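Single-letter residue listing:
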Amino acid sequence: MYIDKSYFSNFIYKMSCLEFTYSLIQSNEKKISLSREEQVEIEWIIDSALHRKLYASRKKSLFSSKIKLSKESYSLYLRMKKYEHMIDL
């Protein structure tokens, strides 16, 4: 799977803000209701720092405008993509 490098870098930045956004949701400063499964998955994403693992995969494509993701990286990307809507830039 190939993804545009600028879009991917923006996505990684958004996912690095996930922990802060999640804390706002928990303190009721941001009104989004999450199911228990979504909360567990978000906490797992934050605790395991998935955005850093995806960022490391970007380094293999330094001189390209597209980034090639392995199957594992692509599945991590899709897993985090579900929560992109929560983060306002």
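None of these values were measured; they are calculated from a predicted model.

Reading guide: rules and limits
- Numbering of residues starts from 1 in every chain and runs along the sequence as written.
- For a predicted model such as this one, the threshold for reporting local features is a pLDDT of at least 70, and the threshold for listing and counting side-chain atom pairs is 80 or more; totals across whole chains, interfaces and linings nevertheless cover every residue.
- With hydrogens and water stripped out, all remaining heavy atoms of the structure feed into the side-chain values.
- Where helices and strands are cited, they refer to DSSP runs of H or I of at least four residues and of E of at least two residues respectively, numbered from the N terminus.
- Residue exposure (1.4 Å probe, protein chains only): buried if accessible area is under 20% of the type maximum, exposed if over 50%, otherwise partly exposed.
- In what follows, a contact means two residues having at least one pair of non-hydrogen atoms within 4.5 Å.
- Values of accessible area rely on a 1.4 Å probe in the Shrake-Rupley scheme; residue burial ignores everything except the protein chains shown.
- For salt bridges, the criterion is a side-chain nitrogen of Lys or Arg within 4 Å of an Asp or Glu carboxyl oxygen.
- For a helix, the expected span equals 1.5 Å multiplied by the residue count minus one.
- In this description, the arc belongs to the directions extending from the helix axis to the C-beta atoms.
- Here a pair means two rings of Phe, Tyr or Trp (six-membered ring of Trp) with centres within 6.5 Å. Their orientation is stacked below 30 degrees between planes, edge-to-face above 60, and tilted elsewhere.

(A) Broad picture of the overall build of the protein chain. A tally of helices and strands in the protein chain yields 5 helices and 2 strands. Going from N to C terminus, the protein chain has its helices and strands arranged as β-α-α-α-α-β-α. Here the protein chain holds 89 residues, and the buried ones make up 42% of them. Within the protein chain, contacts between residues at least 6 apart in sequence are counted, and of these 80% link residues at least 24 apart. Per element, the accessible surface of the protein chain, about 5,800 Å² overall, is 53% carbon and sulfur.

(B) Local environment of the pattern of salt bridges. Under the definition given, this model contains 4 salt bridges. In this structure, Glu 84 and Lys 14 form a salt bridge, with 3.2 Å as the shortest nitrogen-oxygen distance. On the criterion of sequence distance, the pair formed by Glu 84 in the segment after helix 5 (71-81) and Lys 14 in helix 1 (residues 5-16) is long-range, its members being 70 residues apart. We note that Glu 84, like Lys 14, is buried. The shortest N-O distance in the salt bridge between Lys 81 and Glu 84 comes to 2.4 Å. Overall, Glu 84 belongs to the buried group, its relative accessible area being 12%. A single network of salt bridges, built from pairs that share partners, joins Lys 14, Lys 81 and Glu 84.

(C) Examining helix 3 (residues 36-47) more closely. For helix 3, spanning 12 residues, the distance from its first C-alpha to its last is 16 Å, which sits close to the expected 16 Å at 1.5 Å a residue. Those residues of helix 3 that fall on the buried side of the exposure criterion are Glu 41, Ile 42, Ile 45 and Ile 46. The arc that holds the buried residues of helix 3, viewed along the axis, is 135°, so those residues lie on one side. Residues of helix 3 that are exposed and point over 90 degrees away from its buried face: Arg 36, Glu 37 and Asp 47. Backbone geometry just downstream of helix 3 places Ala 49 in the positive-phi region, at approximately 50°.

(D) Molecular detail of the packing of aromatic side chains. Evaluation of the coordinates by the stated rule reveals 3 aromatic pairs. Taking 4.9 Å as the distance between ring centres and 65° as the angle between the ring planes, the aromatic pair formed by Phe 11 and Tyr 77 counts as edge-to-face. In this pair, Phe 11 is assigned in helix 1 and Tyr 77 in helix 5, connecting sequence segments 66 residues apart. Of the residues examined, Phe 11 reaches a relative accessible area of 0% and is grouped as buried. Residue Tyr 77 is classed as buried on the basis of its relative accessible area of 6%. Through a chain of ring-to-ring contacts, the aromatic side chains of Phe 8, Phe 11, Tyr 74 and Tyr 77 assemble into a single cluster.

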